[in-house]
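# Structural features, examined
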Amino acid sequence: MKTTRRDFLVSGVSAAAGTALAPGKAAASWRKVLPVSRPVAGPVAVASGNGQPAVARALELLNEGSDPLDAVIAGVNIVEADPDDVTVGYGGLPNADGVVQLDSCCMHGPTHRGGGVAALEGFRHPSKVARLVMEETDHVLLVGQGARKFALEYGFEEENLLTDTARQIWLYWRGSQSEIDDYLVPNTEEFTPRAKEIIENNPSLFYPEEPRSAGTINCCAVDANGDLAAVTTTSGLFFKIPGRVGDSPIVGAGLYVDNDVGAAGSTGRGEANLLNLTSFLVVEEMRRGRSPTEACLAGCRRIVENNIEKRLQKPNGDPTFNVSFYAVNKAGEYGSASIYGPGRFAVAGAGGDERHEDRAFLLTR
Ligand code: ASP
């Protein structure tokens, strides 16, 4: 862990005097510590449905004794680099101007530190840049050109993240938005097979009356010692207004970790999550003794209760959008829930290799 020059001098003095403090949070009499009722069930990683390769890698590293943040970041790096996942990193769908802008944040339980980047262009691993913000600066969040400059300074190579597939889907979206502009709907015959597949299977991307889908990866993990970490990384809402920042790079919304309690993270409509800081809420619900699944459901319920704008409601009052949560606690229990189900999330550990399990949910469509 980095220190300031002053910390360095002070710890040098106290070490010399034989009084160096143990690393970790300072003990305070008012601090409530959640009793861990059962032993840690070994390392566990959970992630959104697109995170099976991520939890597999994270578990491998946790079993080798890696720090939980190293494990989850190495896990999501696989998905960030995958051009077929159009919701994250390289190959992510762009904003309304055709530019890929990425959001990410991470949090490390043992040090209670976090870092994030938002609206970052040109780097396929925003989670790695987020981690460097955490480790190399006194800040928590860098955005836009400042985040780009920071990434360049630390040796990240800038590249064009817009794949042919993502560009073609964007052209199709632009052509299908309005009958009074000059763009026609492109002929998909020349498109990549992946672009055609996504266009055919996701009408909600192109028609304003459908709730717009998106995607993200969140990965949360607990190691064999009960230490926790989480990371969330995304290309954000498809065809968003340039500069739009979602929940994914915001500590408390896109994820939250308290090393006494657990870790939680989210995917889905970022605006709803930002207005409730729901990952923080999910961790607080675990602190009150709820299981990870129950805590995730409580987060979903809060979003639905606060969704009072008519434009975001179906005729029966239910939300027009989905949000999902993923959580692990210090004891190695895990869970996931979404507003709308059924759905699946990825998990590895707790008695098995990487797999998908059913999410709990509040409503059916
Ligand atoms: N939460 C992401 C955002 O709002 C999108 C998603 O997870 O679907 O940017």
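Up top is the structure these notes are about.
Fair warning: this is a prediction, and the values are worked out from it, not measured in the lab.

This paragraph deals with the sheet that holds strand E10 (residues 334-341). With mixed pairing, the five strands of this open sheet are ordered in space as E7-E8-E9-E10-E13. Lying at the two open borders of the sheet, with one neighbouring strand each, are strand E7 (255-258) and strand E13 (360-364). Taking each pair of neighbouring strands and ignoring which way they run, the sheet shows an average axis angle of 10°. Strands in contact with helix H9 (residues 278-287) are E7, strand E8 (262-268) and strand E9 (323-329); relative to E8, the strand with the most contacts, it is inclined by about 145°. With respect to the sheet, helix H10 (residues 292-306) is in contact with E9, E10 and E13, its orientation differing from that of E10 by roughly 30°.

With six of its six residues buried, strand E5 (residues 217-222) lies for the most part within the structure. Burial along E5 is two-sided: Ile217, Cys219 and Ala221 facing one way and Asn218, Cys220 and Val222 facing the other are all buried. Bridge analysis of strand E1 (residues 44-47) against E5 gives four bridges, and the strand direction is antiparallel. Its bridge partner being in E5, Val44 is matched across the sheet by Val222. Note that E5 and strand E6 (residues 228-234) share six bridges and pair antiparallel. Each residue of the ladder has a partner; that of Cys219, found in E6, is Val231. Taken together, E5 and the strand that follows it, E6, pair antiparallel across an intervening segment of five residues, in which Gly226 is found at a positive phi of about 85°.

Another aspect to go through is the pairing of E6. Most of E6 sits inside the fold, with seven of its seven residues counted as buried. Here E6 shows a buried face lined by Leu228, Ala230, Thr232 and Thr234 and a second buried face lined by Ala229, Val231 and Thr233. As paired elements, strand E2 (residues 102-108) and E6 share six bridges and run antiparallel to each other. Across the sheet, residue Cys106 finds its bridge partner in E6, namely Val231.

With that settled, the discussion passes to the packing of helix H3 (residues 68-80) against helix H4 (residues 126-136). The interhelical angle for the contact between H3 and H4, taken along N-to-C directions, is 150°, at an axis separation of 9 Å. Considering the angle they form, H3 stands roughly antiparallel to H4. Between H3 and H4, the residues in contact are Leu69, Asp70, Ile73, Val76, Asn77 and Glu80 and Pro126, Ser127, Lys128, Arg131 and Met134, respectively. Class assignment of the residues belonging to the contact of H3 with H4 gives a composition of five nonpolar, two polar and four charged.

Glycine aside, the phi torsion of most residues is negative, and most peptide linkages are trans. In this chain, Gly341 is followed by Pro342 through a cis amide linkage whose omega measures -5°. Counting through the fold element by element, Pro342 comes out in the loop between E10 and strand E11 (344-349). The backbone of His112 shows a phi angle near 45°, a positive value even though the residue is not glycine. His112 sits in the partly exposed class, given a relative accessible area of 32%. A positive phi is found at Phe239, a non-glycine position, where the angle reads about 60°. With respect to the helices and strands, Phe239 occurs in the loop between E6 and E7.

Mapped onto the elements of the fold, Thr216 is located in the loop between helix H7 (193-201) and E5. According to the relative accessible area criterion, Thr216 is buried, its value standing at 8%. Expressed as a C-alpha distance, the spacing of Thr216 and Ala47, which sit 169 residues apart in the sequence, is 10.0 Å. Other than its neighbours up to four places away in sequence, Thr216 contacts Ser48, Asn50, Thr87, Val88, Thr232, Thr233, Thr234, Ser248, Ser266 and Thr267. A polar contact is formed between the side chain of Thr216 and the side chain of Thr234, at a distance of 2.8 Å.

Bringing the pattern of salt bridges into the picture now. Evaluation of the coordinates by the stated rule reveals 18 salt bridges. One salt bridge in this structure joins Glu153 and Lys149, with 2.8 Å as the shortest N-O distance. With Glu153 and Lys149 both in helix H5 (residues 144-153) and four residues apart, this pair spans about one turn of that helix. Here Glu153 and Lys149 have matching classes, each one exposed. Arg287 is paired through a salt bridge with Glu284; the nearest N and O atoms lie 2.9 Å apart. Residue Arg287 and its partner Glu284 are located together in helix H9, separated by three residues, close to a single helical turn. Within the structure, one salt-bridge network assembled from shared partners comprises Glu285, Arg288, Arg290 and Glu294.

Another aspect to go through is the site of the ligand. As a matter of local geometry, the ligand sits amid Ala214, Gly215, Thr216, Gly236, Leu237, Arg244, Asp247, Ser248, Thr267, Gly268 and Gly270. Measuring from an oxygen atom of the ligand, one finds a side-chain N or O atom of Arg244 at 2.7 Å. In this structure, Asp247 approaches the ligand through a side-chain N or O atom, which is 2.7 Å from a nitrogen atom. Here the residues of the shell around the ligand are counted per class, giving two nonpolar, seven polar and two charged.

Reading the values: the criteria
- Residues numbered from 1 in each chain as written.
- Predicted model: local features only at pLDDT ≥ 70, side-chain atom pairs only at ≥ 80, totals over all residues.
- Heavy atoms only, no water.
- Pairing = 2+ DSSP bridges.
- Helix = DSSP H or I, 4+ residues; strand = E, 2+ residues; numbered from the N terminus.
- Axes fitted to C-alpha atoms, helices over the stretch in contact; angles between N-to-C directions.
- Contact = heavy atoms within 4.5 Å.
- Buried < 20%, exposed > 50% of the residue type's maximum accessible area, 1.4 Å probe, protein only.
- Parallel < 35°, antiparallel > 145°, perpendicular 65-115°, else oblique.
- Nonpolar A, V, L, I, M, F, W, Y, C, P; charged D, E, K, R; others polar.
- Polar contact = N/O pair within 3.5 Å; in protein donor to acceptor, adjacent residues only side chain to side chain.
- Salt bridge = Lys/Arg side-chain N within 4 Å of Asp/Glu carboxyl O.
- Near = heavy atom within 4 Å.

None of this, on its own, says anything about what the molecule does.
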